[in-house]
Amino acid sequence: MNKIDIRSLSYFELEKELTDRKLPKFRTAQIYDWLHSKGVMSFEEMTNLSKDLRTKLESEFEIKTCKVLRKLVSQIDETVKYLFEFSDKSTVESVVMKYKYGYSICISTQVGCKMGCTFCASAIGGFQRNLTPSEMLCEVLTAQRDLNIKISHIVLMGTGEPLDNYDNVLKFLKLVTDEKGQNLSMRHISLSTCGLVERIYELADENLQLTLSVSLHAPNDEIRQRTMPVAKKYSIDEILKACKYYTDKTSRRISFEYAMINGVNDSEENAKELCRRLKGILCHINLIPVNEIKERDYRKSDADSLKRFISVCEDKGFAVTVRRTLGSDINASCGQLRQSVRT
């Protein structure tokens, strides 16, 4: 018999399962608290339940867990990178970053990735499967337990395309923000997509108030198609139309991610074209000096090119930031995460 993934159940789904088993309603609050607030990894840890009830639960439900296969700590900025292994032996990487405001975790949403962006290591090993809501939660809970911290911010920017795993990601978001569980603010969650247009419209209609980050990385379709295969399906115009719908619907500013690649997309003319494209959209531009991976020969833009690009965007009235590079000594920076046990 296949056991039910209990941590992927909403409060009301759990209540129904327990009611169907003739358990009193107060058990729902107890068990949900153990799973989502305390983050237990086994039924044995639910110490206010009888041994018989714990045995019954274990016979019909499973608590999905992940174990730490590898943990690397940056000697530069205390960033921690985990390699987590799930019960089927598949692996993902997650990164915990320390900021003045608290701890943020970058989680993976899939094992591998289908998108194939040429500057990103995550797709090199190919796509294996989607993560369940409970497995995404497990990345958060296991890191918290290991580091003895409370994570306050989440970025869905690790391995995988979150909107390609839409239903599971949506459920994860609702579980992790549930006031009966981790109770994170949706405004403290960022979701990064390479631009799956239909899903952007669907996400906008959910009006979740999270921060949407769109990996644009080019000012035109010709450059984008060279670096991002998904650009052959969705044009920049289509993506920006969906982004405008998102901002109009949610009143939330979009962050356009732009990996600065030397000699590819970092000229002043590229900056001017980008600004023309983004005019009229509630947004800011987040420049990311591309991080080097061994399989590619991309190099980050030099300081002068970066400065000129910023100047053009600011002159056009755009807010521009340059992403701080964290965990560079442990390959924990943007575009460097993999699912392989190899370093």
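Residues numbered from 1 in each chain as written. Predicted model: local features only at pLDDT ≥ 70, side-chain atom pairs only at ≥ 80, totals over all residues. Heavy atoms only, no water.

Student: Talk me through the overall build of the chain; I want residue IDs and the actual numbers.
Tutor: Along its length, the chain carries 10 helices and 14 strands. For a compact globule of 343 residues, the expected C-alpha radius of gyration is about 20 Å, and the chain comes in at 21 Å, within 12% of that figure. A total of 343 residues make up the chain; the buried ones form 58% of that total. Contacts in the chain between residues at least 24 apart in sequence constitute 67% of all its contacts with a sequence separation of at least 6. Carbon and sulfur atoms provide 47% of the accessible area of the chain, an area that totals close to 15,200 Å². (Helix = DSSP H or I, 4+ residues; strand = E, 2+ residues; numbered from the N terminus. Rg over C-alpha atoms; globule rule 2.2 N^0.38 Å. Buried < 20%, exposed > 50% of the residue type's maximum accessible area, 1.4 Å probe, protein only. Contact = heavy atoms within 4.5 Å. Areas by Shrake-Rupley, 256 points an atom, 1.4 Å probe, with all protein chains shown as cover.)

Student: An account of the sheet that holds strand β4 (residues 80–85) is requested, with residue identities and associated values reported.
Tutor: The strands making up a sheet are joined through hydrogen bonds of the backbone, oriented either antiparallel or parallel. Reading across the sheet, the 10 strands line up as β3-β4-β5-β6-β9-β10-β11-β12-β13-β14 and stay open at both edges, with mixed pairing between neighbours. Of all strands in the sheet, those with a lone pairing partner are β3 (67–73) and β14 (320–322), marking the two edges. Averaged over all adjacent pairs, the angle separating strand axes in this sheet is 25 degrees, with direction ignored. As paired elements, strand β12 (residues 254–260) and strand β13 (residues 283–289) share 7 bridges and run parallel to each other. Each bridged residue has a counterpart across the sheet, and for Glu257 the counterpart in β13 is Asn286. Together, β6 (102–107), β9 (151–156) and β10 (189–193) form the strand contacts of helix α5 (residues 166–176), whose direction differs from that of β9 by roughly 170 degrees. The sheet strands contacting helix α10 (residues 303–315) are β12, β13 and β14, and the helix crosses β14 at an angle near 160 degrees. (Pairing = 2+ DSSP bridges. Axes fitted to C-alpha atoms, helices over the stretch in contact; angles between N-to-C directions.)

Student: With reference to specific residues and values, describe the packing of α5 against helix α6 (residues 197–206).
Tutor: Where α5 meets α6, the closest approach of the two axes is 12 Å, and the angle between their N-to-C directions is 25 degrees. It follows that α5 is roughly parallel to α6 by the angle criterion. Where α5 crosses over α6, the two elements pack in a sense that is right-handed. Here Tyr166, Leu170 and Lys174 of α5 come into contact with α6, specifically with Arg199, Glu202, Leu203 and Glu206. In the contact of α5 with α6, the residues fall into 3 nonpolar, no polar and 4 charged. (Parallel < 35°, antiparallel > 145°, perpendicular 65-115°, else oblique. Left-handed = near helix turned anticlockwise from the far one by under 90°. Nonpolar A, V, L, I, M, F, W, Y, C, P; charged D, E, K, R; others polar.)

Student: So, helix α3 (residues 51–60): which residues are in play, and what are the values?
Tutor: Those residues of α3 lying buried are Leu53, Arg54 and Leu57. Looking down the long axis of α3, one finds its buried residues gathered within 100 degrees of arc, a one-sided arrangement. Exposed side of α3, more than 90 degrees from the buried face: Lys51 and Asp52 are the residues found there. Looking at the buried side of α3, the elements it contacts are α1 (11–20), α2 (26–37) and β2 (61–62). (Arc of directions from axis to C-beta.)

Student: I'd love a proper account of the pattern of salt bridges, names of residues and values included.
Tutor: In total, this model carries 25 salt bridges according to the counting rule given. Of the charged contacts in the structure, one is a salt bridge between Glu13 and Lys171, with a shortest N-O distance of 2.5 Å. Of this pair, Glu13 sits in helix α1 while Lys171 sits in helix α5, placing them 158 residues apart in sequence. The class for Glu13 is partly exposed, based on a relative accessible area of 35%. Exposure remark for Lys171: the relative accessible area of 25% places this residue in the partly exposed category. With its nearest N and O atoms 2.6 Å apart, the salt bridge here joins Arg21 to Glu60. (Salt bridge = Lys/Arg side-chain N within 4 Å of Asp/Glu carboxyl O.)

Student: Explain the environment of Thr19 to me, and be specific about the residues and the numbers.
Tutor: Within the fold, Thr19 resides in helix α1. Residue class for Thr19 comes out partly exposed when judged on its relative accessible area of 36%. A distance of 2.7 Å separates the side chain of Thr19 from the backbone oxygen of Glu15, its partner in a polar contact. (Polar contact = N/O pair within 3.5 Å; in protein donor to acceptor, adjacent residues only side chain to side chain.)

Student: Can you tell me about the packing of α6 against helix α8 (residues 236–250), naming the residues and giving the values?
Tutor: Packing of α6 against α8 leaves a shortest axis separation of 9 Å and a crossing angle of 5 degrees. In terms of axis orientation, α6 runs roughly parallel to α8. Only Glu238, Ile239, Lys241, Ala242, Cys243, Tyr245, Tyr246, Lys249 and Thr250 of α8 make contact with α6, whose side of the interface consists of Val197, Ile200, Tyr201, Leu203, Ala204 and Asp205. Considered class by class, the residues forming the contact of α6 with α8 number 10 nonpolar, 1 polar and 4 charged.

Student: Provide a residue-level description of helix α4 (residues 133–147), including the pertinent values.
Tutor: The end-to-end C-alpha distance of α4 is 22 Å, a good match for the 21 Å that 15 residues give at a rise of 1.5 Å each. A large share of α4 lies buried, amounting to 12 of its 15 residues. When we look at burial in α4, the residues that qualify are Pro133, Ser134, Glu135, Met136, Leu137, Cys138, Glu139, Val140, Leu141, Thr142, Ala143 and Gln144. A positive backbone phi angle near 55 degrees is found at Asn148, which sits one or two residues after α4. (Expected span 1.5 Å × (residues − 1).)

Student: Help me get a handle on the nonpolar core, residues and values and all.
Tutor: In this structure, Ile154, Phe172, Leu173 and Phe256 are the most contacted members of the largest nonpolar core, which totals 103 residues. Considering each element in turn, this core owes the most residues, 7 residues, to α5. The contacts of Phe172, once residues within four sequence positions are left out, are Ile107, Pro133, Met136, Leu137, Val140, Ile154 and Leu156. (Core = buried A, V, L, I, M, F, W, Y, C linked by side-chain atoms within 4.5 Å.)

Student: Describe the environment of Thr28, listing the residues and the values that go with them.
Tutor: With respect to the helices, strands and loops of the structure, Thr28 is situated in helix α2. Residue class for Thr28 comes out buried when judged on its relative accessible area of 0%. Excluding anything up to four places from it in sequence, Thr28 contacts Tyr11, Leu14, Glu15 and Leu18.

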